[in-house]
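# Inside the fold
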Amino acid sequence: EQPFFVVAGFYRPHLRWHLPAAEYAHYDERAVTPPRRTRRKPVDMPDVAWTTEGCHTLTTADHGTHVVDMDRPLGPAVARELRRGYFACVSWIDRLCGRVVDAVARVGAASQTIVVVSSDHGFHLGEQASWTKHTLFEHATRVPLLVKVPGATDAGRGGTSRGFADLVDIYHPS
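Quick caveat, the model's predicted, so the values are computed rather than measured. (Residues numbered from 1 in each chain as written. Predicted model: local features only at pLDDT ≥ 70, side-chain atom pairs only at ≥ 80, totals over all residues. Heavy atoms only, no water.)

## Quick look at a nonpolar patch on the surface
Nonpolar side chains collect at one region of the surface, where Phe-5, Val-7, Ile-114, Val-116, Leu-145, Val-147, Ile-170 and Tyr-171 lie side by side and expose about 850 Å² of accessible area between them. Of all the elements in the fold, those that place two or more residues in the nonpolar patch are β6 (145–148) and α3 (168–171). Inspection of the secondary structure assignment puts Leu-145 in strand β6. When its relative accessible area of 37% is taken as the criterion, Leu-145 is described as partly exposed. (Patch = residues over 30% accessible without salt bridge, like charges linked within 9 Å, V, L, I, M, F, W, Y side chains within 5 Å. Areas by Shrake-Rupley, 256 points an atom, 1.4 Å probe, with all protein chains shown as cover. Salt bridge = Lys/Arg side-chain N within 4 Å of Asp/Glu carboxyl O. Helix = DSSP H or I, 4+ residues; strand = E, 2+ residues; numbered from the N terminus. Buried < 20%, exposed > 50% of the residue type's maximum accessible area, 1.4 Å probe, protein only.)

Now the structure itself:
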């Protein structure tokens, strides 16, 4: 009867990859490729654009913990395992978002509910010899933004935009 606001936050995909083992089945480890040949740190790039915070240690079940040096990419086997884990996490979160949307429909609120899906940061998967989020490169700053508005984005009426969107605008009513 009354308007309401709900936030469903999902911690994944963040390291370590704790997720249902079945999610890995969607990604054959032999088919996951290492990142393209990485570039080195650009000349005169300010340090703030590429930090070496504590998150630059990565732990995998098969390969243990590694300290990541931005000028030395991880080996191909570790890189493939980390990329596979990230892809599996994203698929899992996609399924969880679908469960939230299904629950909204189940209670009869789909025709009056706006759904927004986004993230707080992007993620390097070995590009620029970097892992996680601690750069100002596009891989770390670009995030998904999906908006479902009843009557406006229904089948055949939605679309995509390559325009700039600022996530602050989602929370600021103006």
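## Looking at the environment of Leu-167
By the secondary structure assignment, Leu-167 is in the loop between β6 and α3. Taking the relative accessible area as the measure of exposure, Leu-167 reaches 25% and is therefore partly exposed. Residues in contact with Leu-167, not counting those within four places in the same chain, are Ser-118, Ser-119, Val-143 and Leu-145. (Contact = heavy atoms within 4.5 Å.)

## Brief notes about the nonpolar core
One recurring pattern in soluble globular proteins is that nonpolar side chains are buried together. Among the nonpolar cores identified, the biggest contains twelve residues, and these are Trp-17, Leu-19, Leu-74, Val-78, Ala-79, Leu-82, Tyr-86, Ala-88, Cys-89, Phe-123, Leu-125 and Trp-131. Sorting elements by how many residues they give to this core places helix α1 (residues 76–106) first, with six residues. Residues contacting Ala-88, with those up to four places away along its chain left out, are Leu-19, Glu-23, Tyr-24 and Tyr-27. (Core = buried A, V, L, I, M, F, W, Y, C linked by side-chain atoms within 4.5 Å.)

## Remarks on unusual backbone geometry
What is expected of a backbone is that most residues other than glycine have negative phi and most peptide bonds are trans. Geometrically, the link from Arg-12 to Pro-13 is a cis peptide bond, its omega value of 0 degrees lying close to zero. Structurally, Pro-13 can be placed in the segment before β1 (57–60).

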